[in-house]
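Fold and geometry: a report
Here is what each chain is made of, one letter per residue.
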Amino acid sequence: MPPEDHKAPAELPRPGHSRRDFLRGSSLAAAGAVMATSAETAMHEARADVSETDGVAIYSGTCPIELKVNGEAMSVTIEPRSTLLDTLRNRLGVTGPKRVCDRASCGACTVILDGDAVYSCTTLAISCADHEVRTLESFETDEGSVPHAFHQNDALMCGYCTPGFVTACQAWLEKNPGQEPTLDDIKQGLDGNICRCGTYIGVFQAALDAAKAMKKGGA
Amino acid sequence: MAALWPDNPRLIGEGVPRLDGLAKASGRAKYPSDERPDGLLFAAVLHSPHAHAKIVKIDTSKAEAIPGVKGVHLIANEGATLRYHGEEIAAVAAESEEIARDGCRAIAIEFEVLPHAVTEAQALADGAPRLTPRGNTQAGRAQEDGDPDAALKEAAASIEGEYSVPVITHVCLETHGQVVRWDGDAKMTVWSSTQNVDGVESEMAGAFNVPATDVTVLTPVMGGGFGSKFGADTWGVAAGELAKKTGRPVWLFLDRVQEHLTAGNRPSASAKLTLAADKDGKLSALIAETAGTGGISRGAAFPLPYVYEVPNSRRQHTDIRVNGGNARAMRAPGHPQGCLIMESALDDLAEKMGIDPLQMRLASLAEQDTVPSGSGEPLNRSEIYREQIKLGTEAIGWNQRKSRAENAKAEGPIKRGFGMALHQWGGGGRDDKQVTCIINPDGSVELRSATQDIGTGCRTVLAQIAAEVLGLKTTDINSNIGNSQFPPGQASGGSTTTPSMAPPAYNAALEARDLLFKRIAGALDAEPGDLSIGEGVILVKGEREVPWKDACRKLGTMPINVTGSFSEGLTAQGVGGCQFVDLTVDTETGVVKLNKIVAVQDTGLILNMMTWKSQVYGGVIMGLNYGLFEELVMDPSTGLSLNPDMELYKLAGASDIPEIDIIPFDNEQMRKRGVIGVGEPPTIATAAAIGNAVANALGTRVPHFPMTPMNVLNALAKA
């Protein structure tokens, strides 16, 4: 379940823009070129104003994009610098994913982008245009589901990290269908998330139970 | 005499999944930071980039000129002195958060940077800048018991030691903040991430000079407080000012950096001490100089001696002020510090005397340590400790423990060690809180109180109590809390929420039941005394069953609405617990790996075994963080914090969590004590037990917490 490392391959088939790339890129003189790894994104960015200060391209203004969120097409006007998380929470009212560290350290903002768990706080919204975003609001909640397993195992206290854990867990199970993970698999899979209340013990059991239910359901 | 807790409960004590659990686990629960009222503006806070500076000039005109910026509010004005990195200067409200942050950046400030002192050493150095008119230190009242000098001369053995633990922060996952909406000129709705709904109401009412009745504070759920969220704070008031100025609702939550720097901390603690015992290993004398810093504020006091009886002691404590954010209460304020210093020294003394540290602890418990019981006889806590220690030593396998000398001689770089520590806490209920119980003619039942659920499960246990009394399921009860317009609710501090709110919930449900009987008896051709509660039914003369909803329909159009208060016998205070740790240390890398933790805890009557266990697990894990990872690092040269984030400020992740064995100290005698509260005690002893296990593994004490590779390797290098 570790959200994909955006520092990894540049030839990702799906959007590779993260705020980290953006920050790194914008410190280079050729920032514009670094950013425009896909023509599609470059087109969106073209709608925003571009100016140059000390040799660094600065995008400003706003641009309309289409996002597919939980199966629904949504139009939204963002800034090139807007993160996927802030776009979901502040502009689209999708507040399930939480902003906690805002720096890809804690996982509370995890969403599923084209099937992969990603940290939405360090993913630029502009790079997600026309891609499939799923948040935990869209997950099943009845018996056998991940949210249900978290509830039954008291795998939450204040609950603010919980959306991230639930989403990471869901993404892992979808990627590893029919598997029954060991406790160590679960710990490794959830190591990209942090809980301050200390609900890990319940979380482990919830993940194990959800995996079991999914295996049973799939078999 | 008011009723006592039922002897053979159906629901109380059972593990009932929390009522808001599925909403939280499916992203549907709306936290204060998720509120998006119509017309909302987003606000951001500008904070001090310096550890110590004076604002010479401040110009907000450029910020105000940015399209989309709707309001700027100065928290600090020209001439103000900023006393730490992160102190708030201004707040900007705008159409988007991005623009609000642009607004903050566009505020032009001319600073006169002043010399700083951000560490205790800097604050105590010759020529240190004077941070307050009273200076940089403030001595507490000297503490003296018996004749420690004479006792030290007569002691069989003594040790001199120095121990310390750094400043840590609460790291609430939902940062501090609130959404404020003015409803007209004089009414206000506030969605606040707080552990004190009623307190925020009075603070906002006071700040804006409106009647408290016209301020509604809502906290249906919130993302963690741990002692740091008792007030509206300057930024909460700033949100109110901006909402007033712009005529629109304003969302204002701190960012992660500000959360670390300005929203509270657990003060550091250090001690230079002498501890002595008689030949049987009973502690006889303690002489200590202690200190700590809670930043620019005071608040670094902690208890010492701790848990054990030391008949002769002298202690002088000094609070040191530095250019750092203010201390705030943090889960069992002071106790983890006192515990790890006392328990480290005791362990070192036992080692020097060649005594099993367990024996020294048993020998040093007070003969009588009386704690009250709700409906039972007062108890001797020392007896509770003895029984708990027996359970804990068995669960951890204490008999596998070897002495430090033996462990140090073990082959290879990986050393295994065992450690233990004891703790205590008060808890208990306050007598001035209330809960309303409403039974509607359609059979629905609602509880109302201003109190809040900060993740403890308070909402669920109150419903469990009402369901117990009314013969219903917990899920049948609408447990409506976190609203300041409801009857007064306890602030969540000191492990007092559940013990303060459970008695009025119980009494409200009992009174509502009795009133229901009175009101419907005639319609059931019976006397009120003929009626009793069965599962989902009202029983007439113990035989005829009337389904709950049918019975409630007899109320006609008027619901039952009663408010219950506190009564004696339902709550007590003064709990004890002990924890044990089994770990290994890699002496080449300094990495500590936990194998197992055992926690034995008494908290009187346990209302919900599931949420109770979660709190104890959570306490242990927070203690584990304190013992192994946490430290807010200040840079002496720049005066800035180096790790106000969640990457370099370390917290345990999934793979850092060992096997944790929770043992509820739960028996008939404990249940008779009544409800006490468990939020704080289980976080106290963990770090101390970890430190002792590390010392046991290495054969040498690591005197500075946390047990990081650096601190471990430094101690090994000196050994």
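Overview of the structure. This one's a predicted model, so the numbers in the text were calculated from it and none came from an experiment.

Quick word on the environment of proline 129 of chain B
Residue and element names in this part refer to chain B. Here proline 129 is to be found in the loop between helix H4 (120-124) and strand E7 (137-139). Taking relative accessible area as the criterion, proline 129 reaches 15% and is therefore assigned buried. For the pair proline 129 and leucine 114, spaced 15 residues apart in sequence, the C-alpha separation works out to 8.4 Å. When residues no more than four places from it in sequence are discounted, the contact partners of proline 129 are Pro115, His116, Ala117 and Asn136.

Here we look at the packing of aromatic side chains
Residues and elements named next belong to chain A. Within the structure shown, the criterion is met by 8 aromatic pairs over all chains. Geometrically, the ring pair formed by phenylalanine 165 and tyrosine 200 is edge-to-face, given 5.9 Å between the ring centres and 80° between the ring planes. Here phenylalanine 165 is found in helix H6 (residues 162-175), whereas its partner tyrosine 200 is found in helix H8 (residues 200-218), with 35 residues between them in sequence. Comparing phenylalanine 165 with tyrosine 200, the two get one shared label, buried. Ring pairing ties together the aromatic residues Phe165, Tyr200 and Phe204, which thus form one cluster.

Quick word on the nonpolar core
In terms of nonpolar packing, the biggest core is built from 146 residues, with Phe150 of chain A together with Leu273, Leu275, Leu283 and Leu583 of chain B touching the most fellow members. Ranked by residues supplied to this core, first place goes to helix H16 (residues 609-628) of chain B with 10 residues. Those residues in contact with leucine 583 of chain B that lie beyond four places of it in its chain are Lys415, Arg416, Gly417, Val592, Lys593, Leu594, Asn595, Ile690, Ala693, Val694 and Ala697 of chain B. Residues Ala463, Ala509, Leu531 and Val675 of chain B belong to the second largest nonpolar core, which totals 48 residues.

Notes on the pairing of strand E22 (residues 435-439) of chain B
All names here are of chain B. Most of E22 sits inside the fold, with 5 of its 5 residues counted as buried. Covered by surrounding structure in E22 are Val435, Cys437 and Ile439 together with Thr436 and Ile438, the residues of both alternating faces. Relative to strand E28 (residues 560-564), E22 runs antiparallel, the two sharing 5 bridges. Bridge pairing links valine 435 to glycine 564 in E28. Across 4 bridges, E22 lies against strand E23 (residues 445-449) in antiparallel orientation. Its bridge partner lying in E23, cysteine 437 is registered against leucine 447. With antiparallel pairing between neighbouring strands as the criterion, E22 and E23 make up a hairpin whose turn holds 5 residues, including glycine 443 at a positive phi of roughly 90°.

Rules used in this analysis
- Residues numbered from 1 in each chain as written.
- Chains lettered and ligands numbered in written order.
- Predicted model: local features only at pLDDT ≥ 70, side-chain atom pairs only at ≥ 80, totals over all residues.
- Heavy atoms only, no water.
- Helix = DSSP H or I, 4+ residues; strand = E, 2+ residues; numbered from the N terminus.
- Buried < 20%, exposed > 50% of the residue type's maximum accessible area, 1.4 Å probe, protein only.
- Contact = heavy atoms within 4.5 Å.
- Phe/Tyr/Trp six-rings, centres within 6.5 Å; stacked < 30°, edge-to-face > 60°.
- Core = buried A, V, L, I, M, F, W, Y, C linked by side-chain atoms within 4.5 Å.
- Pairing = 2+ DSSP bridges.

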